[in-house]
Amino acid sequence: MENIRRKNKMIETYSVLMIDLLCVVVSYALALFIRFNIIHYEYYPRQFHFMVGAYIVILCLLYNIFLDANSNFFVRGYYQEFYYTVRYTFIMVVGLVVILYLTQQSYEFSRSVYGIFAILNTLITYAVHMIFKRAMWKYYRKSTSADKMLVITKDILAEEVLGNLIKGKEWYYDITAAVVYDADRRGTAIRDVPVVASRDDLYETVIQMMVDEVFICLPGEPLIEIRDMVQRFEEMGLTCHYNVDLFSHANPNTYVQQMAGYSVISFSLKTRDSRRLLIKRLIDILGAVVGLAVTAVLTPFVALAIKIDSPGPVFFSQTRIGKNGRRFKIWKFRSMYTDAEERKKELQAQNEVKGLMFKIEDDPRITRVGRFIRRTSIDETPQFLNILMGDMSLVGTRPPTEDEFEHYNGYYRRRMSITPGLTGLWQVSGRSDIQDFEEIVKLDLEYIDNWSLGLDVKILIMTVFAVLGGKGSK
C-alpha cells in the first residue's frame, strides 16, 4: 500500500520538477532577450551565458531534490503558492550570485538580468503551477488514469463524508459512486455522486463497476462484518481505506494515512513497486512504437488481402474491459465475416472452452485470410495502439468482453486489477490449447501475484517463440 502513496508522490515530484526546469529556462532566456535586445541592444558572450544557464538548472535541481519544497504542492492555496514561488526564486537568485562570486565571474554578468529573471521566473512559475494544479484537479481526476473511488457510508453521514472527500485537494482520485449501507437510496445522488447500492446488493454491484479503491466509513458496524467486507474487496483486487483504527498492523500491506482529513487504514492484497511499474510503462511505450511501425508496414498488404477475401472493414473494434472495469475499444485486423457476432449465438452449443470464454477449433466465422493472420498473430498488431494509449500493456491478463464481464464474480474480477496485456502467462502456457476458463483465471492470478519485470521479459520471449513456432491463436 505504501507504493500507492509513492506512485502519487513520484508523479507530483517529477511533474513539478519538469515544470520548474522549463520555467527557469524560459525565464532566463527571456531575461537575456529583454536585457540585450530590448532595453539596450549589445553583444553578449553566449558561451558564458549558456554556462550561467547551466548553473540555474543545477540550482533548480538541487532545490527540488534536497529541500523537497514541493512536497505539499497540491494542498497549497493561491497565496501560499505565491509565497513559495517568491521564496524559491529568491533562493535561486541568491544561489546564482554566490556561485558567480565564488567563481569570480560576477563582474561579467549583467546586474539587471538578475532582477528581470527574478520577476519573470516568479510570474511564469506561479502561473504554470496554478494552471497545472487546476488541470490535475479538473481534468486528471475525471480521466481514466485517476483512481476511481467508491464511498461506502451510512445515511446520516453521507453528506458530510462525501462533502469532505470532494473538497479534499488530493488530485489522484475521483469519487464515481456511493453506497448508503443502511438505507435504500439507489437512483438518487448525494453531492452529485450517484448512489448505486445498499447493503443488500453491494458486492454484486461492485463487481460490474469501474472502481480502483473503496473508502469505508461505517462507524458502529460489527468488526467481523467490516473484516469480511475488506477481505472480499481485496479478493477483487481493490484497495480499501477504512477510517477507524480497528485492525492491528501485523499485515505488511496495511498502513495508516490521511485522506481528506480522515485517518484511514488502507489494505491491499498485493502491492507493486511504483518504480518498476514506471519502467514497465516505458517498455510498453517503446514496444508500442516499434510495434506500430511494423503494423504500418504490414497494413497495406493485410488490408488488400482482407478486402479481396471478404467484404467489410479492414479493422475490427470491440469494447473490452480493462483495469478495474475501465471500458476501452480494442483494435484488430478483421479476421471474421462481418456477421460473426450474430452467428455466435448459433454456435454457442459448440463452445470448446468450459466457462465464460467462447472458442471453437474450426470456427466457420473466420475467413481464409483470417486463419492466416490469426495463426501468425498479425491480427493483433493494431493493439499496439491500445498499448501506446495506456489501455493495454505488452504483458498482462486477457481483457474480457462486456458479455463475459457481466458474469464475473469477485474471484474472477481480481484478474482485472492490473492493466490487460497483448500477451500473458496463460497464452504462453498453452496458447489456444487451454480448454477451461478456471485454468486461465488461475494462471492470470498467478501472474498478478508473482509479477516482476523479469517475468514480463520471460513471457515476451516465450511469446516470440510461440508465434514463430506457429502456435498463435486459432
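Since we're looking at a predicted model, the values are computed, not measured.

Engineer: Would you mind showing me how to read the overall build of the protein chain here?
Structural biologist: A tally of regular secondary structure across the protein chain gives 16 helices and 12 strands. When each of the 474 residues of the protein chain is scored for burial, the buried share is 50%. Partitioning the intrachain contacts of the protein chain with sequence separation of at least 6 by distance along the chain shows that 72% fall at a separation of at least 24.

Engineer: Would you explain the packing of helix 3 (residues 78–102) against helix 4 (residues 111–140) in this entry?
Structural biologist: Helix packing geometry: the angle between the two helix axes and the distance between the axes. Running from N to C, helix 3 and helix 4 point in directions that differ by 145°, and their axes come no closer than 9 Å. Note on packing geometry: the crossing formed by helix 3 with helix 4 is right-handed. In this structure, helix 3 contributes Y78, E81, F82, T85, V86, Y88, T89, V93, L96, V97 and L100 to the contact, and helix 4 contributes Y114, F117, A118, N121, T122, T125, Y126, H129, M130, K133 and R134. The class makeup of the residues in the contact of helix 3 with helix 4 is 13 nonpolar, 6 polar and 3 charged.

Engineer: In this structure, what is going on with the packing of aromatic side chains? I would like to understand it.
Structural biologist: Geometrically, a pair of aromatic rings is defined through the distance of the ring centres and the angle of the planes. As enumerated under the stated definition, the model contains 12 aromatic pairs in all. Ring geometry for Y63 and Y88: centres 4.8 Å apart, planes at 45°, overall tilted. Of this pair, Y63 sits in helix 2 (residues 46–66) while Y88 sits in helix 3, placing them 25 residues apart in sequence. On the accessibility criterion, Y88 (3% relative accessible area) is buried. On the basis of an interplanar angle of 65° and a centroid distance of 5.7 Å, the ring pair of Y408 and Y412 is categorised as edge-to-face. For Y412, a relative accessible area of 11% gives the class buried. Among the aromatic residues, those joined into a ring-pair cluster are F405, Y408, Y411, Y412 and F437. Positioned above the aromatic ring of Y84, the side-chain terminus of R76 is 4.2 Å from the ring centre. Across from the ring centre of F73, 4.8 Å away, lies the NZ or CZ of K133, which sits over that ring.

Engineer: Is there a simple way to explain helix 3 in this structure?
Structural biologist: Structurally, the α-helix is built with 3.6 residues per turn, so residues lying three or four positions apart point the same way. Helix length check: helix 3, at 25 residues, gives a terminal C-alpha distance of 36 Å against a target of 36 Å (1.5 Å per residue), a fit within 8%. Along helix 3, the residues that are buried comprise E81, Y84, T85, Y88, T89, M92, V93, G95, L96 and L100. Phi for Q104, located one or two positions after helix 3, is positive at around 55°.

Engineer: Would you explain the pattern of salt bridges in this entry?
Structural biologist: Where charged atoms from two side chains of opposite charge approach closely, those side chains can pair. Throughout the structure, instances matching the rule amount to 17 salt bridges. Close ionic contact of K154 with E221 constitutes a salt bridge, the shortest N to O distance being 3.3 Å. Taken together, the residues K154 in the loop between strand 1 (147–153) and helix 5 (158–167) and E221 in the loop between strand 5 (213–217) and helix 7 (223–235) connect sequence positions 67 residues apart. Accessibility expressed as a relative area gives 15% for K154, which makes it buried. For D444, the salt bridge goes to R415, with nearest N and O atoms at 2.5 Å. Taken together, the residues D444 in helix 15 (residues 437–449) and R415 in the loop between helix 13 (410–413) and strand 12 (421–423) connect sequence positions 29 residues apart. One salt-bridge network, in which partners are shared between bridges, spans K154, R199, E221 and E225.

Thresholds, definitions, all that
Residues numbered from 1 in each chain as written. Predicted model: local features only at pLDDT ≥ 70, side-chain atom pairs only at ≥ 80, totals over all residues. Heavy atoms only, no water. Helix = DSSP H or I, 4+ residues; strand = E, 2+ residues; numbered from the N terminus. Buried < 20%, exposed > 50% of the residue type's maximum accessible area, 1.4 Å probe, protein only. Contact = heavy atoms within 4.5 Å. Axes fitted to C-alpha atoms, helices over the stretch in contact; angles between N-to-C directions. Left-handed = near helix turned anticlockwise from the far one by under 90°. Nonpolar A, V, L, I, M, F, W, Y, C, P; charged D, E, K, R; others polar. Phe/Tyr/Trp six-rings, centres within 6.5 Å; stacked < 30°, edge-to-face > 60°. Lys NZ or Arg CZ within 6 Å of the ring centre and 35° of its normal. Expected span 1.5 Å × (residues − 1). Salt bridge = Lys/Arg side-chain N within 4 Å of Asp/Glu carboxyl O.

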